[in-house]
Amino acid sequence: MTFDLADRGIYGFATSEHLRFADLDANGHINNGSFIELLENARVSYLRQIVRSGLPRFRLVIGRIEADFKRQMFFPGSATACARLVEAHERKVVIGQGLFDSDGHCTAVQKVIMVSLNEETHRSTPFDPAVRAALEKLAVSKDGMPT
């Protein structure tokens, strides 16, 4: 299933983020690195509150981050950072994300490939079958949320 990550309607999970003066760059707009941090807050919250809920313990590490910056944001202000599962595989998942300004315009989209990690060997490992089934269900849902 393909999702338009710039479409706010595909996300059932979002965090409200406060833009800080410290997030500004020399050009007077919010720094691209701050976009990544805002999206990280949403991704970590989504994983903790939604994805891992009720499942056996599993560890994920970032294998790749791919971000597209679409428009500027300015201080003062706020943003909405969204996250959802868009793909689930044997050893990895893909988290899709969108960042939206206070007017609802998409300012950035991001795909994060997260790899299942064995805590003892620190190597990639297949997901437990129950975990993988739950991840697959979230990835095909209309909004990345449990039904």
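Structure: see above.
Residues numbered from 1 in each chain as written. Predicted model: local features only at pLDDT ≥ 70, side-chain atom pairs only at ≥ 80, totals over all residues. Heavy atoms only, no water.

## Things to note about helix 2 (residues 129–140)
Compared with an ideal rise of 1.5 Å per residue, which puts 12 residues at 16 Å, helix 2 spans 17 Å between its outermost C-alpha atoms and is within 8% of the ideal. Inspection of helix 2 places Val131, Leu135, Leu138 and Ala139 among the buried residues, and these make up the whole buried set. Down the axis of helix 2, the buried set is contained in an arc of 100°. They therefore lie on one face. Structural note: helix 2 exposes Pro129, Lys137 and Val140 on the side pointing more than 90 degrees away from its buried face. Buried residues in helix 2 make contact with helix 1 (32–51), strand 3 (77–88) and strand 4 (92–101). The N-cap of helix 2, judged by a side-chain oxygen 2.8 Å from the amide nitrogen of Ala130 a few residues on, is Asp128. (Helix = DSSP H or I, 4+ residues; strand = E, 2+ residues; numbered from the N terminus. Expected span 1.5 Å × (residues − 1). Buried < 20%, exposed > 50% of the residue type's maximum accessible area, 1.4 Å probe, protein only. Arc of directions from axis to C-beta. Contact = heavy atoms within 4.5 Å. Polar contact = N/O pair within 3.5 Å; in protein donor to acceptor, adjacent residues only side chain to side chain.)

## So, the nonpolar core
Membership of the largest hydrophobic core comes to 20 residues, with the highest contact counts inside it found for Tyr46, Val51, Leu85, Val93, Ile95 and Leu135. Of all the secondary-structure elements, those providing two or more residues to this core are helix 1, strand 3, strand 4, strand 5 (106–117) and helix 2. Excluding residues within four positions of it along the chain, Val51 makes contact with Tyr46, Phe58, Leu85, Leu135 and Leu138. Ile30, Met73, Ala79 and Ala81 belong to the second largest nonpolar core, which has 11 residues in total. (Core = buried A, V, L, I, M, F, W, Y, C linked by side-chain atoms within 4.5 Å.)

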